[in-house]
Amino acid sequence: NAGVMQNPRHLVRRRGQEARLRCSPMKGHSHVYWYRQLPEEGLKFMVYLQKENIIDESGMPKERFSAEFPKEGPSILRIQQVVRGDSAAYFCASSRDVGTSYEQYFGPGTRLTVT
Amino acid sequence: GDSVTQMEGPVTLSEEAFLTINCTYTATGYPSLFWYVQYPGEGLQLLLKATKADDKGSNKGFEATYRKETTSFHLEKGSVQVSDSAVYFCALNAGGTSYGKLTFGQGTILTVHP
């Protein structure tokens, strides 16, 4: 059973460009979460999605960031007009169901570098 | 709001030494508690979890007990190995309106020398 897949693993963008990060959850998982890890910090929650729905986006910056999880295909985290402060590792996680005891399984992450 | 505080790192130990990484939390309700491990260049792997007070999670020689009275979930291992060198994150899921969200501590870097 393949784990959570993310691509690309590394992404370099110039300031002002767009970054698109993809996440395919584990088979049978319909709940997807995105987290951001800034250098030498812990992970910070960004957004929680189910198929075609954003459930909790309380951790998303108000501007330039958006996320979707369409009926078909991977979840996408989109960052428009990137700035140097967006450089970070972005991790996707998935779970089979939602609730305090359900484990989230993490992908390997996408490391975004903005030059 | 919900928060997790881990002991300051980094932690450096010799092989076969005893390990403790402290973790305390603040949350409303009855959160579930987790320890994740991150090896260099990789994503997070779940190490162990506990879902209610006095539960003990254990895996690969690591243990942690959910102590509601002290709001703690300290990670312990009796004899560490070089291969345990990694970053360890304590996390909670508070449920309620935050049911989808894990709140993480800042991470503790562990280095084990032969």
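The present account deals with the structure reproduced in this document. Since we're looking at a predicted model, the values are computed, not measured.

**Quick word on the environment of Arg14(A)**
Residues and elements named next belong to chain A.
Part 1: Mapped onto the secondary structure, Arg 14 falls in the loop between β2 (10-13) and β3 (19-24).
Part 2: You can call Arg 14 exposed: its relative accessible area is 59%.
Part 3: Considering only alpha carbons, one finds Arg 14 and Arg 84, 70 residues apart in sequence, at a separation of 8.6 Å.
Part 4: Those residues in contact with Arg 14, other than ones at most four positions away along the chain, are Val 82, Val 114 and Thr 115.

**Some points on the sheet that holds strand β7 (residues 56-59) of chain B**
All names here are of chain B.
Part 1: The antiparallel open sheet is built from four strands, whose spatial order is β3-β9-β8-β7. Single-partner strands in this sheet number two, and they are β3 (19-21) and β7. Strand-to-strand twist of the sheet, defined as the mean angle between neighbouring strand axes without regard to direction, takes the value 15 degrees.
Part 2: Where β7 and strand β8 (residues 62-65) come together, four bridges link them in antiparallel fashion.

**Focus: the pairing of strand β4 (residues 31-37) of chain A**
Residues and elements named next belong to chain A.
Part 1: Across the seven residues of β4, seven count as buried, placing the element largely inside the fold.
Part 2: By the bridge criterion, seven bridges tie β4 to strand β5 (residues 43-50) in an arrangement that is antiparallel. Bridge assignment links Gln 37 to a residue of β5, and that residue is Leu 43.
Part 3: Summarising the sheet, β4 and strand β9 (residues 88-95) pair through seven bridges and their orientation is antiparallel. Pairing of His 31 across the sheet is with Ser 95, part of β9.

**Structural notes on unusual backbone geometry**
Residue and element names in this part refer to chain A.
Part 1: In this model, Asn 7 is joined to Pro 8 through a cis peptide bond whose omega is -5 degrees.
Part 2: Positionally, Pro 8 belongs in the loop between β1 (5-7) and β2.
Part 3: A positive phi is found at Glu 52, a non-glycine position, where the angle reads about 65 degrees.
Part 4: Within the element layout of this structure, Glu 52 appears in the loop between β5 and β6 (53-56).
Part 5: Phi angles above zero are rare outside glycine, and Gln 81 is one such case at about 45 degrees.
Part 6: Relative to the helices and strands, Gln 81 is located in the loop between β8 (75-79) and β9.

Rules used in this analysis
- Residues numbered from 1 in each chain as written.
- Chains lettered and ligands numbered in written order.
- Predicted model: local features only at pLDDT ≥ 70, side-chain atom pairs only at ≥ 80, totals over all residues.
- Heavy atoms only, no water.
- Helix = DSSP H or I, 4+ residues; strand = E, 2+ residues; numbered from the N terminus.
- Buried < 20%, exposed > 50% of the residue type's maximum accessible area, 1.4 Å probe, protein only.
- Contact = heavy atoms within 4.5 Å.
- Pairing = 2+ DSSP bridges.
- Axes fitted to C-alpha atoms, helices over the stretch in contact; angles between N-to-C directions.

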